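Examination of the molecular architecture
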Amino acid sequence: MMRRLLASAAVVLGVLALFGERAPKRVVATPEIAPVQLAEWLRDRKAGLRIIDVRTRGEFDDYQLPRSEWMNAASLAVTSFPPEETVVIISDHGVASPRSGRQVCLLRGGVRGWLDDVMNPTITEDASPAARTAYQRASVVSRYFGGVPRVVDTPPVATTGHAAPSVRRRGC
C-alpha cells in the first residue's frame, strides 16, 4: 500500500515538473557588423581581425570573402581566440556564439549582404541625402574589392537564397 502511494506521488510530481516554470535560457546577443564596415576594416588592414566562415564547406569553396577562413560551426562554439582579436562570423544561418569575452560580430546579411552592399551597391537618382552618403561610402570600398556600384531606376528588390556561386570573383 505504501509503495503504491509513493509511486503515485512520484508520478504526480513528475507530471507537475513537466509543466513547472523553467529557468529562462540566457540569450547572448551577438552584435552585427555591416558589410561596408567589414570591407573598410579589410581595406585598412585592421590589426587582429579574424574572419570565420561557418557556412558549409561547399558554399565556402564556391565563394569566400577576402581573408576569411572556414571553420565548422560546432568547432566555433568551443574555440577560444586571443582577447586582442576581433572576430567576424559569416553565416547564412544561425550560429552559436563562441566562448570568451572578446569582440565577436556577426556579418549582417551574410554573404548575400556582402554581395549586395559591397560588390554591387546601388542607388536611385532620387535617393535621400543620407542614402547618398551611405552609397558614397560603399562605392569607395566596392571599387577597392572590384565591385560595381551603380545608379538604378528602381530600388533593388530584396532577394532570398544564396546566389554566390553565380558571381564571378573580381578584384582582390
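One can find the structure itself at the top, above this paragraph.
Residues numbered from 1 in each chain as written. Predicted model: local features only at pLDDT ≥ 70, side-chain atom pairs only at ≥ 80, totals over all residues. Heavy atoms only, no water.

**A short note on the packing of helix α2 (residues 35–43) against helix α6 (residues 129–144)**
For the pair α2 and α6, interaxial distance at closest approach is 10 Å and the crossing angle is 50 degrees. As judged from the angle between their axes, α2 and α6 are oblique. Crossing geometry of α2 relative to α6 is assigned as left-handed. Contact residues: Val 36, Gln 37, Ala 39, Glu 40 and Arg 43 in α2; Arg 137, Ala 138, Val 140, Val 141 and Tyr 144 in α6. Grouping the constituent residues of the contact of α2 with α6 by class yields six nonpolar, one polar and three charged. (Axes fitted to C-alpha atoms, helices over the stretch in contact; angles between N-to-C directions. Helix = DSSP H or I, 4+ residues; strand = E, 2+ residues; numbered from the N terminus. Parallel < 35°, antiparallel > 145°, perpendicular 65-115°, else oblique. Left-handed = near helix turned anticlockwise from the far one by under 90°. Contact = heavy atoms within 4.5 Å. Nonpolar A, V, L, I, M, F, W, Y, C, P; charged D, E, K, R; others polar.)

**Considerations on α2**
Most of α2 is tucked away: seven of the nine residues are buried. Where α2 is buried, its residues touch β1 (32–33), β2 (49–53), β4 (86–90), β5 (103–107), α5 (110–119) and α6. Count one or two residues on from α2 and you reach Arg 45, which has phi positive near 55 degrees. (Buried < 20%, exposed > 50% of the residue type's maximum accessible area, 1.4 Å probe, protein only.)

**Side note on the pattern of salt bridges**
Per the stated rule, a full pass over the model turns up eight salt bridges. Residues Arg 137 and Glu 40 are paired through a salt bridge, measuring 2.7 Å at the closest nitrogen-oxygen approach. Pair noted here: Arg 137 is in helix α6 and Glu 40 is in helix α2, with a separation of 97 residues, a long-range link. Where Asp 61 meets Arg 57, a salt bridge forms, and the shortest distance between an N and an O atom there is 3.5 Å. Here Asp 61 pairs with Arg 57, and both are found in helix α3 (residues 57–62), just four residues apart, close to one helical turn. Shared partners join several salt bridges into a network, and the residues in it are Arg 50, Glu 69 and Glu 85. (Salt bridge = Lys/Arg side-chain N within 4 Å of Asp/Glu carboxyl O.)

**Concerning the packing of α2 against α5**
Contact geometry for α2 and α5: axes closest at 8 Å, N-to-C directions at 75 degrees. One way to sum up the angle between α2 and α5 is to call them roughly perpendicular. Here Pro 35, Val 36, Leu 38, Ala 39 and Leu 42 of α2 come into contact with α5, specifically with Gly 113, Trp 114, Asp 117 and Val 118. In terms of residue class, the contact of α2 with α5 is made up of seven nonpolar, one polar and one charged.

**Structural notes on the packing of aromatic side chains**
Summed over all chains, the structure comprises two aromatic pairs. Each ring, one from Trp 114 and one from Phe 145, has its centre 5.4 Å from the other, and the planes form 70 degrees; the classification is edge-to-face. Of this pair, Trp 114 sits in helix α5 while Phe 145 sits in the loop between α6 and β7 (150–152), placing them 31 residues apart in sequence. Here Trp 114 falls in the buried class, since its relative accessible area comes to 0%. Counting every residue linked through ring pairs, the aromatic cluster contains Trp 114, Tyr 144 and Phe 145. (Phe/Tyr/Trp six-rings, centres within 6.5 Å; stacked < 30°, edge-to-face > 60°.)

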